[in-house]
Amino acid sequence: MKLTLFSILFFIAISIQAQQDLAHLKVQGSATQLIVHGKPFLILGGELGNSSAASIADIERHFPKLKRMGLNTVLVPAYWDLIEPVEGEYNFTLVDKVINQARENELKVVFLWFGAWKNSMSCYTPLWFKKDYKKYPRAYTKAGKPLEIASSFSENVFQADNRAFSQLMKHIASVDKEQGTVIMVQIENEIGMLEDARDYSKEANTLFNAQVPETLIAYLNKNKKTLHPQMLKKWGEQGYKKKGNWQEIFGNDLYTDEIFMAWSYAQYVEKLAKTARSIHNIPLFVNAAMNSRNRKPGEYPSAGPLAHLSDIWHCGAPSIDILAPDLYDKGFTNWVAQYKLPDNPLFIPEIRLSDNNGVQAFYVFGEHDAIGICPFSIENGSDSEQAPLVQSYAKLKELMPLLTKYQGKGTMNGLYFDSDDKERVLYKDDLKITCRHYFTLPWDSRAADGSVWPDGGGILLRISEDEYIIAGSGIVIEFEKKEENNVIDAKELGEDGFINMGGKDIKQVAWKGGLRAGIGTVDEIKIKGDGTFEYIRRLNGDQTHQGRHVRIPVGEFSILHVKLYEYK
Ligand code: DGJ
């Protein structure tokens, strides 16, 4: 074929277009959005169990169910041991099956590179790698015990891992450049050192006693004002030194060992990230096992991309877009808050599968402009239309054009109520908005009947001064003027003038005058693809406690359009 200038330009234009169509991140206000096929996208996801994409039959069985559940994205392991069972020979049968099944079931895919490390261990390295421990050395404990953890200080380990990973990325590029089914890649899985806080191999010890790299010191200096408080404190305790070995700069304790190790992991991951970017440039992230339950580094996987190490990871692995938390412990709202930072969007690749996932999803999108949420071992969830996650994802799918329009603009809040947190008060314009768990109403006695409460949660979106979208499940919301103070807790007032509502003492006090806020209308709506509203029904009477509040009962998810008015 003779190449004319026109055909060359045409091919260049096509490939630029394909590149632009690839999933990427974009900043909107204080939010970072994931753009898929040119539009902002919220990952209503789920992660498959570790061994659930290891057979063609399982992939064929699980994916249609994920579609029925209403997911738009599935997180799936790409197993190094199955991709390169024989050194240098690659097999992408499972990867291809995942991509094809995803397309058939209208799902996007996030591949998880189960490479050198999976939950600290190196169990997904191929057998030829495991056996050749001389070429691919292990990490050692302080006592000299070799671990089933490949050493991040070994160039051979990196070369083998990087070679296989680059084959995977090339394969994805070759089969998916046009369709863009694969929207992100996770590098390794829950990297971290166990048993001890750092590797004690010879190479590691040598570097531990060497100077802290200048790049890191320069980063700490440059970002001193925004460093994580724990990092600032550790560095400050040693006098903010600008030169020295790891212990001179950060002190002599386990947390310094952890910082040193995090630097090693981050630098290793950075090289893989650069490989990925040079082949197929889609967003990249790493995930972390949490440092929960008062455990120390080494008791929890030390040195992963944890919040208190975010400076080390950001400096060491700048090509990684997101440090992502895996959430299995109590304290959901507290954990997620730690990972939504100005330089780190919130993405939750794993959260314990539970009936609360539906409201958790609402919370992270409303409160933190999250990129996505993915309950783990999703194939074990229910695909019943009544299941909380199925209801939740259906409503969030509808809400997507609206939420993505308002992301990063400071007009949305997430609500989350569990047995500890039952109330949240928000102030907007001249309004005081009291949001409660559905079961904490004074006239509702179910709170006292000993039943276990499902968590409640939702999104409160301010459209204008007198117009709100309220969506979610298990929430009750009251609007009043900020200066209004006509009802206060009786306990502050003494004995007279009490009224008792559902066992709670409430006192009416003298009205001070001024405008009051009233609920004008509450309509259940459907959001259309272009973000406009379609009326379903008016909610009034018992459904709004005769106009006193806006409510979405436990067990159902809905989207309400609320108009307020004022009176005197
Ligand atoms: C977190 C890991 O990242 C997952 O792969 C899985 O092992 C879960 N823990 C627990 O099942």
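Preceding this paragraph is the structure being described.
First, a word on scope: everything that follows refers to the structure included in this document. As the structure is a prediction and not an experimental result, all values here were calculated from the model.

What counts as what
Residues numbered from 1 in each chain as written. Predicted model: local features only at pLDDT ≥ 70, side-chain atom pairs only at ≥ 80, totals over all residues. Heavy atoms only, no water. Near = heavy atom within 4 Å. Polar contact = N/O pair within 3.5 Å; in protein donor to acceptor, adjacent residues only side chain to side chain. Nonpolar A, V, L, I, M, F, W, Y, C, P; charged D, E, K, R; others polar. Pairing = 2+ DSSP bridges. Helix = DSSP H or I, 4+ residues; strand = E, 2+ residues; numbered from the N terminus. Axes fitted to C-alpha atoms, helices over the stretch in contact; angles between N-to-C directions. Contact = heavy atoms within 4.5 Å. Salt bridge = Lys/Arg side-chain N within 4 Å of Asp/Glu carboxyl O. Buried < 20%, exposed > 50% of the residue type's maximum accessible area, 1.4 Å probe, protein only. Phe/Tyr/Trp six-rings, centres within 6.5 Å; stacked < 30°, edge-to-face > 60°. Lys NZ or Arg CZ within 6 Å of the ring centre and 35° of its normal.

1. Focus: the site of the ligand
Every residue close to the ligand is listed here: Asn50, Lys118, Asn119, Asn189, Glu190, Asp326, Tyr328, Glu350 and Phe376. The separation between an oxygen atom of the ligand and a polar side-chain atom of Asn119 is 3.2 Å. A distance of 3.4 Å separates an oxygen atom of the ligand from a polar atom in the side chain of Glu190. Partitioned by chemical class, the residues of the shell around the ligand number two nonpolar, three polar and four charged.

2. Some thoughts on the sheet that holds strand β19 (residues 475–481)
The four strands lie next to each other as β15-β16-β19-β25, forming an open sheet whose pairing is antiparallel. Every interior strand has two partners, whereas the edge strands, β15 (423–428) and β25 (550–552), have only one. On average, each strand axis in the sheet is tilted by 15° relative to the strand beside it, whichever way the strands run. As paired elements, strand β16 (residues 431–437) and β19 share seven bridges and run antiparallel to each other. If you follow Ile433 over to β19, its bridge partner there is Phe479.

3. A few points about the side chain of Ser310
Considering the arrangement of structural elements, one finds Ser310 in helix α12 (residues 310–316). Within the structure, Ser310 has its side chain in polar contact with the backbone oxygen of Ala307 (distance 2.9 Å). With near-sequence residues (within four places) excluded, Ser310 lies in contact with His228, Leu323 and Leu341.

4. Brief notes about the pattern of salt bridges
Applying the stated criterion across every chain yields a total of 25 salt bridges. As a salt-bridge pair, Glu195 and Lys145 come within 2.7 Å of each other at their nearest N and O atoms. Within this pair, whereas Glu195 is found in the loop between β9 (182–189) and α7 (202–208), its partner Lys145 is found in the loop between β7 (138–140) and β8 (146–150), the two being separated by 50 residues in sequence. Taking relative accessible area as the criterion, Glu195 reaches 48% and is therefore assigned partly exposed. For Lys145, a relative accessible area of 41% corresponds to the partly exposed category. Across the pair Glu270 and Lys274 runs a salt bridge, and its minimum N-O distance is 3.9 Å. Residue Glu270 and its partner Lys274 are both found in helix α11 (residues 254–279); the two are separated by four residues, about one turn of the helix. Residue class for Glu270 comes out buried when judged on its relative accessible area of 7%. Counted as one network, the salt bridges with shared partners bring together Lys395, Glu398 and Lys526.

5. Some thoughts on the sheet that holds strand β14 (residues 412–417)
In space, the six strands of this open sheet follow the order β14-β17-β18-β26-β23-β24, with antiparallel pairing throughout. Either end of the sheet is taken by a strand with one partner, and the two such strands are β14 and β24 (533–538). With strand direction ignored, the average angle separating the axes of adjacent strands in the sheet is 30°. Against the sheet, helix α14 (residues 357–368) contacts β14, β17 (456–464) and β18 (467–473), and its axis sits at roughly 150° relative to β14.

6. Observations regarding the pairing of β18
Look at any regular strand and the pattern is simple: side chains alternate between the two faces of the sheet. Where burial is concerned, most of β18 is hidden: seven out of the seven residues are buried. Pairing geometry for β17 and β18, over seven bridges, is antiparallel. From the neighbouring strand, Ser464 faces β18, where its bridge partner is Glu467. The pairing of β18 with strand β26 (residues 558–567) spans six bridges and is antiparallel. Considered in β26, the bridge of Gly472 is made with Ser558.

7. Examining the packing of aromatic side chains
Applying the stated criterion to the full structure yields 27 aromatic pairs. Judged by centre distance (5.4 Å) and plane angle (75°), the ring pair of Trp246 and Phe260 falls under edge-to-face. Taken together, the positions of Trp246 in helix α10 (residues 246–250) and Phe260 in helix α11 put the pair 14 residues apart, joining distant regions of the chain. Comparing Trp246 with Phe260, the two get one shared label, buried. Three or more aromatic residues joined by ring pairs make a cluster, and in this case those are Trp80, Trp113, Trp128, Phe129, Tyr136 and Phe165. For Arg198, the ring lying beneath its charged end belongs to Phe208, and the centroid distance is 4.0 Å. Cation over ring: Lys224 sits above Tyr240, and NZ or CZ is 3.8 Å from the ring centre.

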